[in-house]
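Chain by chain, the residues:
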Amino acid sequence: MPVPPRNKHPHLLLQNTSTSKAFTAHSAKGGKKPVVPDLPRQQHGKMLERQLAQLKVLAVEAASAQQAHGFESGLGLQIQFVSQPNVALAFQSLAEERGKDPRKKIELLSVKQEGEHTYANVFVPDGKLDHFEKYVAEYLAEKKDAKGNPRDNTPLLNTIEAIRKAELRALWTDDSSLLPEDPTEAFWWEVWLPVRGNGDAVLSDFRKLAELVGCQVGSQQVRFPERTVVLMFGSERQFADCVLTLNCVAELRRAKETAEFFDQMGVVEQREWQDELLQRVGFAEEDEGIPRICLLDSGVNRGHPLLLPLMAPADMHTVDPTGGTDDTANHGTGMAGLAAYGDLTDALASAGLIGVAHRLESVRLIAAGGANAGPPTLHAQLFAEAVARPEIAFPHRKRVFCSAVTAADYRDRGKPSSWSSEVDSLAADADGAGYFPRLFVLSAGNTDDPADWANYPASLSTNLIHDPGQAWNALTVGAFSTKTDTQDPNYQAVAASGGLSPYTSTSAAWESGWPLKPEVVLEGGNLGNDGLGPIGMNSLQLLSTNYRPQDRLFTTFNATSAASALCAKMAAQIAAVYPALRPETIRALIVHSAQWTEAMRAMYLPPADATKTAFIRLIRHCGWGQPDLGRALWSAGNSLTLVIEDQLYPFKKDKGQAPSSRDMNLHALPWPREELEALQAAKVQMRVTLSYFIEPNPSARGSTSKYHYPSHRLRFDVQRPLDATTDDFVARVNAAAQREDEGAPTNPADPHWHLGERHRHRGSLHQDIWEGTAAELASRSFLAVYPSAGWWRTRPALERYNLPARYSLIVSIFTEETEVDLYTAIAQKLVIET
């Protein structure tokens, strides 16, 4: 480990601090009951009976046609349930989970809200419509069980307005405006297929039928636990001509368009600057143990004199069909310069020695102009191939993957896509049982419309993070700027120093349940305005390596691309100092080190509105602020950080029982009670960060239903003064978790936290800040990490309920009082306890 700076110390890496406790939260049983309208029973039941009879005729026809085509994935018909106006459809009751053969199970495929109705699409295997006919018969007969309770399924049937055959537009779960009005217009579709126990058979059947109607199905595919995603080219009319094709489909979206890049004009610089810089740089030796930043971008021209010492020919890879590894877009080379040196404006202007303790790799993901040759690409598969190339060549290297390639729009609005879900799957190493997780640093995507620049900062609230930046497990990076010197008296900087960059994007308009993104913001450059409108100015941009060094050595660079490269550099620097840390921990340390600037607070957290809602608004725009490498690497006497890496088993399944919660971990916090109590009323800040990776299971079936996107969720809570004993604390956490599962209010809010437990648990990285007195902190000596619902528990047929969940926990305390050395007191206490 490098020698820490003066008055700094390595973080305290704790081991064996947790005690596993039985966790008794149960599956949801009640909570707030949905409103069920009172309908005329006989009239409503007879109507549903007639609709099912009509569907039965169609089901027989469909089964006969499927047999004729040699279907391997099972026979059946896809139908749609439509809710009563402004009534929540009890869609979870529509699926049938019993039985061993997945081809014979009634499967809920997708759910969407449109206007005043909810639409649920359901695949009904051949012969299974009688399942719903029985529901309706019992409803009409008003049957009761042995205890006299109704068996008529009124809570389900009275929420249904109609049952009908599913049409193509019923399967569309993307933005409705993206489906062409002209049904003959051909375009690329993203087709989500169910698995039904044999994803290959479903895909094979779909290919047969699509080709029969003249549609072209791409060769690429990406797989998730319950979905297979492929691309298809064709028109709505072609697709709808074959009803059987629709029976193979779970949902339809429009394929993502080409990725966006920033390509700025360069400035003329003196070659002597470069040569002088090279004389001051100390490079890491080429060793397999040195961390690498792997750039998934437009390629890199490694012949640049500043990049040549950092990349060997074997470090250059490509998934571009042209086979080239070089940068023809003037983007990847600029990313490489920033990932290696940071902003070259600062590096060239300094006179001190510069150490670069990491090296670079490159995978050309996309070529000049932002598009690969040939038909559109399934970004998810291309991304996975790009990750695999360097890993196959050098499987034992420690890497930070960095990508500033994003979709051209932000229509997902936080909803998982095939691309973002694949990023989550790769990060969690879902295909490899989680043994080799990966850290991904992604750009949030850029705001590049001059009309939006002119409406800064209001436009930041509606220019949203681009796909795949919504990935739960990725570190998504936005942009701020301290560059305000336009070097021209006629121009003023658009953003104040420390404010959000006009180039950035946010999650301000996402639904509240989606992750809090971006996690952090770094320098992305600024705009100038002479009163006629904002424009880009070289003086307000970062400086990096030019892709054509024979023409000029340096070029300006900006936006969230630049910010993501700087963040990847920080991640590699942490990995160089603490080489054994997990990717989840490095992500946590970066976010944990971040702080909001005064300009950020002024924009989104005015002093008169320091509520929890205001903090959420601040985070959805600025993340947790600007990360600081010093804080991420080192502790001090009055500012110390504890780092814990652990795991728990969130769920279990006893024989004959549904899966349930299993364990929680109780961590003892080694606070020096005497030293803290000696500070009495001195203000102390405690920051807690919990970071873990989820396994994704994407589908359009409701983010809060049993069809959860994440495999599991984790939560944390800290002992309160009213928790007199450890047992009291454990009992309170168990009770609160059970209430959360049942949809009831949890514990009364702890006012000392910025967000509180009701707001901080979004995504797979949870952070909160507690502020109080030193004496109050002394009594908060335990922290619990416990599980919450996910599809590992609610989808038992997938048999993932026995898997462990790894996590990283960062806890720090800070006080402005410097006369007490808390670091030494805690370090000595840890030695004594050990």
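Residues numbered from 1 in each chain as written. Predicted model: local features only at pLDDT ≥ 70, side-chain atom pairs only at ≥ 80, totals over all residues. Heavy atoms only, no water.

Description of the overall build of the protein chain
Scanning the protein chain from terminus to terminus reveals 22 helices and 36 strands. In terms of overall size, the protein chain behaves like a compact globule, its C-alpha atoms giving a radius of gyration of 28 Å where 834 residues would be expected to give roughly 28 Å. Principal-axis analysis of the C-alpha atoms gives the protein chain an extent of 85 × 65 × 55 Å. Burial status across the protein chain gives 59% buried among its 834 residues. A fraction of 81% describes how many contacts in the protein chain between residues 6 or more apart in sequence connect residues 24 or more apart. In the form shown here, the protein chain has an accessible surface area of approximately 32600 Å², with 50% of it arising from carbon and sulfur atoms. Across the protein chain, the centroid of the 83 positively charged side chains sits 7 Å from that of the 100 negatively charged ones. (Helix = DSSP H or I, 4+ residues; strand = E, 2+ residues; numbered from the N terminus. Rg over C-alpha atoms; globule rule 2.2 N^0.38 Å. Buried < 20%, exposed > 50% of the residue type's maximum accessible area, 1.4 Å probe, protein only. Contact = heavy atoms within 4.5 Å. Areas by Shrake-Rupley, 256 points an atom, 1.4 Å probe, with all protein chains shown as cover. Lys, Arg positive; Asp, Glu negative; His and termini not counted. Charge placed at Lys NZ, Arg CZ, Asp CG, Glu CD.)

Focus: the packing of aromatic side chains
If you walk through the whole model with that rule in mind, you get 17 aromatic pairs. With a centroid separation of 5.2 Å and 55° between ring planes, the pair formed by Phe81 and Phe132 is classed as tilted. Here Phe81 is found in strand S4 (residues 76–83), whereas its partner Phe132 is found in helix H2 (residues 130–141), with 51 residues between them in sequence. What makes Phe81 buried here is its relative accessible area of 1%. We classify Phe132 as buried; its relative accessible area is 3%. Relative to Phe615, the ring of Trp596 lies with its centre 5.9 Å away and its plane at 35°, an arrangement referred to as tilted. (Phe/Tyr/Trp six-rings, centres within 6.5 Å; stacked < 30°, edge-to-face > 60°.)

Here we look at empty space enclosed by the protein
Applying the stated criterion across every chain yields a total of 2 cavities of 30 Å³ or more. Taken as a whole, the largest cavity encloses approximately 110 Å³ of empty space. Per-element accounting of the lining of the largest cavity gives the leading share, 3 residues, to strand S34 (residues 765–773). In terms of residue class, the lining of the largest cavity is made up of 7 nonpolar, 4 polar and 5 charged. Counted as a void, the second largest cavity has a volume near 40 Å³. What lines the second largest cavity is simply Glu190, Leu231, Ala255, Lys256, Thr377, Leu378, His379, Ala380, Ser418 and Trp419. Counting residues per element, the ones that place at least two in the lining of the second largest cavity are helix H10 (379–393) and helix H11 (418–428). Of the residues contributing to the lining of the second largest cavity, the split by class is 5 nonpolar, 3 polar and 2 charged. (1 Å grid on protein atoms, 1.4 Å probe; cavity = no way out; pocket = protein on both sides within 12 Å on 5 of 7 lines; lining within 4 Å. Points joined across faces, edges and corners; volume = space filled by probe spheres on them. Nonpolar A, V, L, I, M, F, W, Y, C, P; charged D, E, K, R; others polar.)

Let's talk about the nonpolar core
If you look at the biggest cluster of nonpolar residues, it comprises 83 residues, and the most contacted ones within it are Leu344, Leu360, Val520, Ile574 and Ile590. Looking at this core element by element, the count peaks at 12 residues for helix H13 (residues 559–577). In this structure, Ile590 is in contact with Leu475, Val520, Cys567, Met570, Ala571, Ile574 and Pro627, ignoring residues within four places of it in sequence. (Core = buried A, V, L, I, M, F, W, Y, C linked by side-chain atoms within 4.5 Å.)

Quick word on the confidence of the model for the protein chain
Close reading of the predicted structure is inappropriate where its pLDDT is low. When the pLDDT values of the protein chain are averaged, the result is 87; 92% of them are 70 or greater. Across residues 258–270, confidence stays below pLDDT 50; counting only partners more than four residues off in sequence or on other chains, it has 51 contacts. (pLDDT = per-residue confidence, 0-100.)

With respect to the environment of Arg617
By secondary structure assignment, the location of Arg617 is in helix H16 (residues 612–622). The class of Arg617 is partly exposed, set by a relative accessible area of 32%. If sequence neighbours within four positions are ignored, Arg617 has contacts with Tyr604, Pro606 and Asp609.

A closer look at the packing of helix H8 (residues 332–341) against H13
When two helices pack together, their arrangement is given by the angle between the helix axes and by the axis-to-axis distance. The N-to-C vectors of H8 and H13 enclose an angle of 35°; their axes lie 7 Å apart at closest approach. The two elements H8 and H13 meet at a crossing, and its hand is right-handed. Residues Met335, Leu338, Ala339, Ala340 and Tyr341 of H8 touch H13, and the partners they reach there are Ser561, Ala562, Ser564, Ala565, Leu566 and Lys569. Considered class by class, the residues forming the contact of H8 with H13 number 8 nonpolar, 2 polar and 1 charged. (Axes fitted to C-alpha atoms, helices over the stretch in contact; angles between N-to-C directions. Left-handed = near helix turned anticlockwise from the far one by under 90°.)

As for the pairing of strand S35 (residues 782–788)
The buried fraction of S35 is high, at 6 of 7 residues. The pairing of strand S31 (residues 663–668) with S35 spans 4 bridges and is antiparallel. Counterpart to Ala668 in the pairing with S35 is Phe782. As judged from the 6 bridges shared by strand S33 (residues 713–718) and S35, these two strands associate in the antiparallel manner. Within the sheet, the bridge partner assigned to Leu714 lies in S35 and is Pro787. (Pairing = 2+ DSSP bridges.)

Concerning the environment of Leu360
With respect to the helices, strands and loops of the structure, Leu360 is situated in strand S16 (residues 359–364). Spatially, the C-alpha atoms of Leu360 and Ala339 are 8.2 Å apart, while their sequence positions differ by 21 residues. Dropping the residues within four chain positions of it, Leu360 is found in contact with Arg292, Ile293, Leu307, Leu310, Met311, Asp315, Ala336, Ala339 and Ala340.

What about the sheet that holds strand S8 (residues 186–194)?
The 4 strands are arranged S9-S10-S8-S11 in an open sheet whose pairing can be described as antiparallel. In this open sheet, the two strands that pair with only one neighbour each are strand S9 (216–224) and strand S11 (251–254). The sheet shows a mean angle of 25° between the axes of neighbouring strands, taken without regard to direction. Where S9 lies against strand S10 (residues 227–235), 6 bridges are found, and the strand directions are antiparallel.

A look at the sheet that holds strand S36 (residues 805–815)
Read from one edge of the open sheet, 5 strands run S2-S28-S36-S32-S34, paired in mixed fashion. Looking at strand neighbours, the two that pair on one side only are strand S2 (12–14) and S34, the edges of this open sheet. Sheet twist, expressed as the average angle between the axes of neighbouring strands with direction ignored, equals 15°. With 10 bridges connecting them, strand S28 (residues 639–648) and S36 associate as antiparallel partners. Bridging from a neighbouring strand, Thr641 pairs with Ser812 of S36. Of the strands in this sheet, S28, strand S32 (683–691), S34 and S36 touch helix H14 (residues 583–592), which is tilted by about 25° from S36.

Notes on the state of the cysteines
Taken as a whole and judged by the stated rule, the model has 0 disulfides. The thiol of Cys294 is unpaired, and the distance to the nearest cysteine sulfur, on Cys402, comes to 9.5 Å. By relative accessible area, Cys294 is classed as buried at 0%. As a non-bridged cysteine, Cys567 has Cys402 as the owner of its nearest cysteine sulfur, 8.1 Å distant. Cys567 sits in the buried class, given a relative accessible area of 0%. (Disulfide = S-S within 2.5 Å.)

Some remarks on the packing of H10 against H11
At a minimum axis separation of 8 Å, H10 and H11 run at an interaxial angle of 30°. Taken together, the axes of H10 and H11 are roughly parallel relative to one another. Crossing geometry of H10 relative to H11 is assigned as right-handed. Touching His379, Ala380, Phe383, Ala384 and Val387 of H10 are Ser418, Trp419, Glu422, Val423 and Leu426, all from H11. Along the lines of polarity and charge, the residues of the contact of H10 with H11 split into 7 nonpolar, 2 polar and 1 charged. (Parallel < 35°, antiparallel > 145°, perpendicular 65-115°, else oblique.)

Focus on H10
The end-to-end C-alpha separation of H10 is 22 Å, in line with the 21 Å expected for 15 residues at 1.5 Å each. Along H10, the residues classified as buried are His379, Ala380, Gln381, Leu382, Phe383, Ala386, Val387 and Pro390. (Expected span 1.5 Å × (residues − 1).)

Focus: the pattern of salt bridges
Side chains carrying opposite charge are able to pair once their charged atoms draw close together. As enumerated under the stated definition, the model contains 32 salt bridges in all. Between Glu107 and Arg227 there is a salt bridge; the shortest N-O distance is 3.4 Å. Of this pair, Glu107 sits in strand S5 (residues 107–114) while Arg227 sits in strand S10, and the two are 120 residues apart along the sequence. Of the two residues, Glu107 and Arg227, neither departs from the other in class, the shared state being buried. Through salt bridges with shared partners, a single ionic network connects Glu288, Asp315, Glu361, Arg397 and Arg399. (Salt bridge = Lys/Arg side-chain N within 4 Å of Asp/Glu carboxyl O.)

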